Amino acid sequence: MLDKPQPDNNSSLLPTKELLDKPQPQQQPPLLLPTKEIPGSYGIPFISPIKDRLDYYYFKGHDNFFQSKINQYSSTVFRTNMIPGPFMASNPRVIAVLDAKSFPILFDTSKVEKKNVFTGTYMPSTKLTGGYRVCSYLDPSEPTHAKVKQFLFNLLKSRKDYFLPAFRSAYIAPIFSSVESQVATHGQVDFNALNNDIAFDFLGEAYFGARPSKVGTFGSCFNFQKKVTIWLLLQLAPLASNVLTKFRIPKLVEDFLLHTFAFPSFIAKPGYISMYEYFNTAGSAALDLAEKVGLSRDEACHNLIFATCFNTYGGLRVLFPGLLKRLAQSGRDLHARLATEVRQAVANHGENGQVTLGALEQMELANSVVYEVLRIDPPVEFQYAHAKKDFLLQSHDAQYQVRKGEMLFGYQPFATRDTRVFGANAGEFVPDRFVGSEGAKLLRYVWWSNGPETEDPTVNNKQCAGKNFVVLVARLFVAEFFLRYDSFTAEISNSVVGAQVNITSITKAKAKASNFY
């Protein structure tokens, strides 16, 4: 979504102009901030939303679209139209919050409501989720939200002892074997394709002890993930761009096809029936947990599909390539530091030469790398909410009156690259940014999970139920990688979602793993 083939040293595209660079205390008493009208305009109905959509997708691009408005209004808070606009969204009007001080309002459920805003100004048909509004579209004030989220917490807790062995056996072993063989045979390997296929087996093994590729009706994990991909595309097509243009289809034609009307849900129905069958069967024990918190098995199954396939699998499709992208661009010096740290931690705190939770806790640099990737390349870029009541919204420089019912929108890559928090190198990947006590203080500005990294998800907030699981597997990925390899190289390009990573060489550890301990 934000990825580029070169290192992100593009401070000109981020809110780092004089507006954000002038010296100022990090915190100010609210009364010292001037109260201002929110700048910006929604323009001419129907016409202006389409113009903004075209600018965002094609004529300016994501970052330039927001940066131009920051420059125009001399403010990181302003009114604008957001995608996809007519006819997909009935109301594209939002108040954009693009700095680290205003952005957290999106998590304050005492002031904002998160009902039906998961994908933004539009909501996909509930026909794609069994007729239910699944947890991501529920506000914490709705009774079903607490039931579904508690069900997910209970599932994660019941399976926590299986995560590490499942990751090694269902993910690491097959993916590293495939990487090595394909690089040796073909000189490169498409990591994204491998990741998209194998990640599903890992999730099935971790959550249910049943890999989709081992379940008779699915034949292979590839067939299963293809069905899920079609289902995902029907929901996310309004947020995609430059997909059809690769086939020389004009931009305006692509815009009309992707961003004007929703694709019919029946396209995904056959695949979704298969998905439901797998989750209903493999996840039978999980659905028993749902009944204990007052959810029907049917509603729980559709929520389980969404949480696994949309939230977790969709996130891993972005996160793991994003990690490799940043590691590849950082080069051998960082690789050597990570390899040394990982192997020493496993030697001192591992078990039989394997990574353990205790060993992970000793890998300060590796953990910082994960947090830095989640900061600079968050898997989910947008957050939305509706104001529950009138309130004053604070940015670094002013406070603004927000009225009940207005929609707030945050573009996370700008807020998490705020120079007033992260300094002049906020737009750069700094591997050890979160090392040490001072680095740890910055974690409260890492919001990839729809909440601060320093807080945990609860039934009363909208923070991702699987937040800790995602961080765990990301840390495991880095640790397992540098336990086996000294270094690697890769070609990086853009994909429809996230970075495209083609690994071109990989250097195995000079000593066998057993000799490190």
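Residues numbered from 1 in each chain as written. Predicted model: local features only at pLDDT ≥ 70, side-chain atom pairs only at ≥ 80, totals over all residues. Heavy atoms only, no water.

- With an unreviewed UniProt entry as reference, the protein is termed Allene oxide synthase, chloroplastic, source organism Dendrobium catenatum.
- Regarding the protein, the UniProt comment filed under Pathway (unreviewed entry) reads as follows: "Lipid metabolism; oxylipin biosynthesis." (UniProt positions renumbered as here; feature names shortened; annotations may be inferred.)

### As for the side chain of T229
- Assignment of secondary structure puts T229 in helix α7 (residues 221-236).
- Of note is the side chain of T229, whose polar atom sits 2.7 Å from the backbone oxygen of Q225. (Helix = DSSP H or I, 4+ residues; strand = E, 2+ residues; numbered from the N terminus. Polar contact = N/O pair within 3.5 Å; in protein donor to acceptor, adjacent residues only side chain to side chain.)

### Digging into the sheet that holds strand β10 (residues 485-494)
- If you trace the three strands from one edge of the open sheet to the other, you get β5-β11-β10, paired in antiparallel fashion. A single partner strand is all that each edge strand has here, and the edge strands are β5 (189-190) and β10.
- When β5 meets strand β11 (residues 499-508), the two strands line up antiparallel, connected through two bridges. In the sheet register, D190 faces β11, and the bridge partner there is N502. (Pairing = 2+ DSSP bridges.)

### Things to note about the packing of helix α11 (residues 297-330) against helix α12 (residues 332-349)
- Closest axis-to-axis distance for the α11/α12 pair is 6 Å, and the angle between their directions is 115°. What the angle tells us is that α11 and α12 run roughly perpendicular. In contact with L327, A328 and S330 of α11, α12 contributes R332, L334, H335 and L338.
- The class makeup of the residues in the contact of α11 with α12 is four nonpolar, two polar and one charged. (Axes fitted to C-alpha atoms, helices over the stretch in contact; angles between N-to-C directions. Parallel < 35°, antiparallel > 145°, perpendicular 65-115°, else oblique. Contact = heavy atoms within 4.5 Å. Nonpolar A, V, L, I, M, F, W, Y, C, P; charged D, E, K, R; others polar.)

### Section: the environment of L287
- Mapped onto the elements, L287 comes out in helix α10 (residues 284-292).
- The class of L287 is buried, set by a relative accessible area of 0%.
- C-alpha separation for the pair L287 and A300, spaced 13 residues apart in sequence, amounts to 6.5 Å.
- Ignoring any residue separated from it by four or fewer positions in sequence, one finds L287 in contact with F151, F279, N280, R297, A300, C301 and L304. (Buried < 20%, exposed > 50% of the residue type's maximum accessible area, 1.4 Å probe, protein only.)

### Some words on the sheet that holds strand β4 (residues 112-113)
- Spatial ordering of the open sheet is given by β2-β3-β9-β6-β4, a layout of five strands whose pairing is mixed. Both outer strands of the open sheet, β2 (77-81) and β4, are each paired with one neighbouring strand and no more.
- Seen against the sheet, helix α3 (residues 62-73) touches β2 and β9 (407-411) and runs at an angle of roughly 125° to β2.

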